[in-house]
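# Breakdown of the fold
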Amino acid sequence: MAPFTIGLLAMSMSVDAFAASIGRGASTARHGLAAILATGLTFGIIEAITPLIGWGLGMVASRYVEAFDHWVAFGLLASVGLHMAWHALTAEEAATPRRGGRWALVATAIGTSLDAMAVGASLAFLDVNILVIAAAIGLATMAMSTLGLVLGRLLGQRFGRGTEVLGGVVLVIVGLAILYEHLGSA
């Protein structure tokens, strides 16, 4: 696979994490540089691991992965997004921004990376270096989610709870888009 193609693939796999990070940045307490980088690293590592898992499963039985990955992604993203929007709408006015929990971060990262698992499964049938591709996807996702977190934080400071609600809605929409894409191609 050509480097340009790998780059395009890596960027396309990181778009969901970028959108989710914008919502996360808008809804969580102020992050220091270490927390921002740790969030980007979490998204990047999970996004790099999932195509490897998909590739391994694709080597064994890709049709089983494709049968349910979109439902898992939708469920994770929709539940995290709905919880985020619900919290924004029901929180006390004087409440300070909350810290997003580590489990919510991991669930969001997994939800946004399941499409990379399906890509990994499809790459199992090609003569590609899956390690290079997984590393490119992970690095692109780390960069995009770090940028999304910072942008979300800036938007959250300016627009408050509306941004948090919007971030939750974006996660649900990303989940619906994954579901639509998979069900529409079936």
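The rules behind each value
- Residues numbered from 1 in each chain as written.
- Predicted model: local features only at pLDDT ≥ 70, side-chain atom pairs only at ≥ 80, totals over all residues.
- Heavy atoms only, no water.
- Helix = DSSP H or I, 4+ residues; strand = E, 2+ residues; numbered from the N terminus.
- Buried < 20%, exposed > 50% of the residue type's maximum accessible area, 1.4 Å probe, protein only.
- Contact = heavy atoms within 4.5 Å.
- Core = buried A, V, L, I, M, F, W, Y, C linked by side-chain atoms within 4.5 Å.
- Patch = residues over 30% accessible without salt bridge, like charges linked within 9 Å, V, L, I, M, F, W, Y side chains within 5 Å.
- Areas by Shrake-Rupley, 256 points an atom, 1.4 Å probe, with all protein chains shown as cover.
- Salt bridge = Lys/Arg side-chain N within 4 Å of Asp/Glu carboxyl O.
- Expected span 1.5 Å × (residues − 1).
- Bend = angle between axes of the 7 residues up to and from the residue.
- pLDDT = per-residue confidence, 0-100.

### Considerations on the overall build of the protein chain
Along the protein chain, the regular secondary structure elements total 6 helices and 0 strands. If you list the helices and strands of the protein chain from N to C, you get α-α-α-α-α-α. Relative to its full complement of 186 residues, the protein chain shows a buried share of 49%. Excluding contacts between residues fewer than 6 apart, the proportion of contacts in the protein chain whose partners are at least 24 apart in sequence is 94%.

### Here's the deal with the nonpolar core
Core analysis: the biggest nonpolar cluster contains 12 residues, these being Ile6, Leu9, Ala10, Met13, Ala116, Val119, Leu123, Val128, Ile130, Ile133, Ile137 and Ala140. Those elements giving two or more residues to this core turn out to be helix H1 (3-27), helix H4 (102-123) and helix H5 (130-159). Each residue touching Met13, except ones within four places of it in the same chain, is listed here: Glu47, Asp115, Ala116, Val119, Ile137 and Thr141. With 6 residues, the next largest nonpolar core counts Ala17, Phe43, Ile46 and Leu105 among its residues.

### Brief notes about a nonpolar patch on the surface
A contiguous nonpolar patch, built from Leu41, Ile45, Ile49, Ile53 and Leu57 and spanning about 400 Å² of accessible area, is present on the exposed surface. Mapped onto the elements of the fold, Ile53 is located in helix H2 (residues 33-66). The exposure class assigned to Ile53 is partly exposed, which follows from its relative accessible area of 38%.

### Details of the environment of His87
Note that His87 resides in helix H3 (residues 69-90). Owing to a relative accessible area of 22%, His87 belongs among the partly exposed residues under this scheme. A sequence separation of 81 residues divides His87 from Gly168, and the C-alpha atoms of the two residues are 9.6 Å apart.

### Re the environment of Ala136
The topology assignment puts Ala136 in helix H5. A residue is classified by how much of its surface remains accessible, and Ala136, at 21% relative accessible area, is partly exposed. Taking the C-alpha atoms as reference points, Ala136 and Pro3, separated by 133 residues in sequence, lie 9.7 Å from one another. Discounting chain neighbours no more than four positions away, the residues touching Ala136 are Ile6 and Ala10.

### Quick word on H4
An α-helix turns once every 3.6 residues. As a result, residues three or four positions apart point the same way. Across its 22 residues, H4 extends 31 Å between first and last C-alpha, which sits within 8% of the 32 Å expected from 1.5 Å per residue. The sharpest bend along H4 reaches about 40° and sits at Ser113. Buried residues dominate H4, accounting for 16 of its 22 residues.

### Here we look at the confidence of the model for the protein chain
Here the protein chain averages 78 in pLDDT, and 79% of its residues register 70 or above. Note that residues 93-98 has pLDDT below 50 and, in this model, 10 contacts with residues that lie over four places away or in other chains.

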